[in-house]
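# Examining the three-dimensional arrangement
The lines below spell out each chain.
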Amino acid sequence: MDVRALRYAVTLADTLHFGRAAQAHFIAAQPFGRRIQALERELGTRLFARTSRRVALTPAGERFVPRARQALAGLDALVDQVDARRDVPGVLRIGVLGFGLADLWPDVWDLVAARYPDLAVDTVELTWADQYDAVRSGEVDLALVHDVGGADDPTLDRVLTSERVAVVPVRSEFARADRLTRADVAGQRLVSPVGASAGLAEWGEGAGGRGRVTVRSPAGVATAVATSGRLGLHAEPARRFFPHPGVRYVPVDGPPATVAVASRPGDHRDPVAVVRAAARAVAGLDRNRIGP
């Protein structure tokens, strides 16, 4: 079982579309499909159910894919731990989940650059599963996380709140609504974020039915909604940062989404402190734009 096959399976689980999954890895659909079939033969079971109209995870696939994600995350973390870029003076590694600080980031970086004009940023794309662990392990110096609770050990500066929105298929009856209530969403099946934080539960699953449609990061929600026909939940900036012709973003009642700057307790390095202070300053100066 090779690493590339695991990555292919995870991408296919995210997209549920062989063509799009193959494109994500820059190969043709036929060789991509053969690698998936080879993996299934090696495991002795089908991971994906295929018809002429849709692709879905089998029960075995539902069990396999989360473990494949964990294995890949562990491998990537191992590689990152010996990444020479982490030891380069004047480089700050910042993990980013989804849209990060959205429209606030340029103003934050202007303040940081005024103090450290030669400081460079090395960004690391995060998932819901590793957004806190990347900080704990030292893979990143700071992380811009979607704070869903359940992680008290990192130091969290909650700097951006935004309205919750439902991500709905364009052909859904909800696509014509100006606003949805929590009761509207409560009866629907939702795409499910993959992560260990208990607070993610309210952003996924939903009532009844078979199977799950899972996504690893906020960037994958719109595609999962468009391909599965389910609903998703997101924060308002996703409307601009993750546009998709197959979905519409509709405001929905519920607690706001929160983005925080996460760092390790006791990390008093000046560049880290300056980024945190800049984020708090920009958020404080811009209360009307970022919400309550």
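Our subject is the structure that appears above.
Residues numbered from 1 in each chain as written. Predicted model: local features only at pLDDT ≥ 70, side-chain atom pairs only at ≥ 80, totals over all residues. Heavy atoms only, no water.

### Comments concerning the nonpolar core
The test is simple: Put simply, a nonpolar core is a bunch of buried Ala, Val, Leu, Ile, Met, Phe, Trp, Tyr and Cys residues held in one set by side-chain atoms that sit within 4.5 Å of each other. Note on exposure labels: buried denotes an accessible area under 20% of the residue type's maximum, exposed denotes more than 50%, and partly exposed covers the range between, all computed with a 1.4 Å probe on protein chains only. Here a residue-residue contact requires only that any non-hydrogen atoms of the pair lie within 4.5 Å.
The biggest cluster of nonpolar side chains holds 87 residues, and the ones touching the most others in it are F48 and L180. When neighbours within four sequence positions are excluded, L180 is seen to be in contact with A166, V168, F174, V185, V250, P251, V252 and D253.

### Re the packing of aromatic side chains
What counts here: In this scheme Phe, Tyr and Trp rings, the latter by its six-membered ring, pair at centre separations within 6.5 Å, and the angle between planes marks the pair as stacked below 30 degrees, edge-to-face above 60, and tilted otherwise. Counting from the N terminus, the helices are the DSSP runs of H or I reaching at least four residues and the strands are the DSSP runs of E reaching at least two.
Applying the stated criterion to the full structure yields five aromatic pairs. Ring geometry for F99 against F241: centres 6.1 Å apart, planes inclined by 35°, an arrangement best described as tilted. Taken together, the residues F99 in the loop between β3 (91-96) and α5 (105-115) and F241 in helix α9 (residues 238-241) connect sequence positions 142 residues apart. Ring centres of W105 and W109 lie 5.7 Å apart, and the angle between their planes is 25°; on these two criteria the pair is classed as stacked. Taken as a pair, W105 and W109 lie in helix α5 at a separation of four residues, close to a single helical turn. A relative accessible area of 24% means that W105 is categorised as partly exposed.

### So, unusual backbone geometry
Even without a glycine there, the phi angle at L16 is positive, about 50°. Relative to the elements of secondary structure, L16 occurs in the loop between α1 (3-15) and α2 (18-24). Positioned with a positive phi, A102 is a non-glycine residue whose angle comes to about 55°. Along the chain, A102 turns up in the loop between β3 and α5. Residue A102 is classed as buried on the basis of its relative accessible area of 10%.

### As for the sheet that holds strand β12 (residues 232-235)
Strands pair in a sheet through their backbones, by hydrogen bonds, and they do so in one of two ways: parallel or antiparallel. Defined as follows: At least two DSSP bridges between two strands are required for those strands to pair. Here an angle of 0 to 180 degrees is reported between the N-to-C directions of two axes, which are lines fitted to C-alpha atoms, with helices fitted over the stretch in contact.
Ordered by their spatial adjacency, three strands build an open sheet running β12-β7-β13, and the pairing between neighbours is antiparallel. At either end of the open sheet lies a strand with only one pairing partner, and these are β12 and β13 (247-251). Strand after strand, the sheet turns through a mean of 35° between neighbouring axes, direction not considered. As defined by bridge partners, strand β7 (residues 164-169) adjoins β13 across five bridges and the pair is classed as antiparallel. Counterpart to V168 in the pairing with β13 is R248. On the sheet, helix α8 (residues 221-228) packs against β7, β12 and β13 and is oriented at approximately 35° with respect to β7.

### Digging into the sheet that holds strand β4 (residues 120-125)
Spatial strand order, β4-β3-β5-β14-β6: five strands in an open sheet with mixed pairing. At either margin of the open sheet sits one strand with a lone partner, and together these are β4 and β6 (155-162). Direction aside, the axes of adjacent strands within the sheet are offset by 20° on average. Looking at chain direction, β3 and β4 are connected through six bridges and run parallel. When the sheet's bridge partners are listed, I94 is paired in β4 with T123.

Read these as spatial facts, not as claims about activity.
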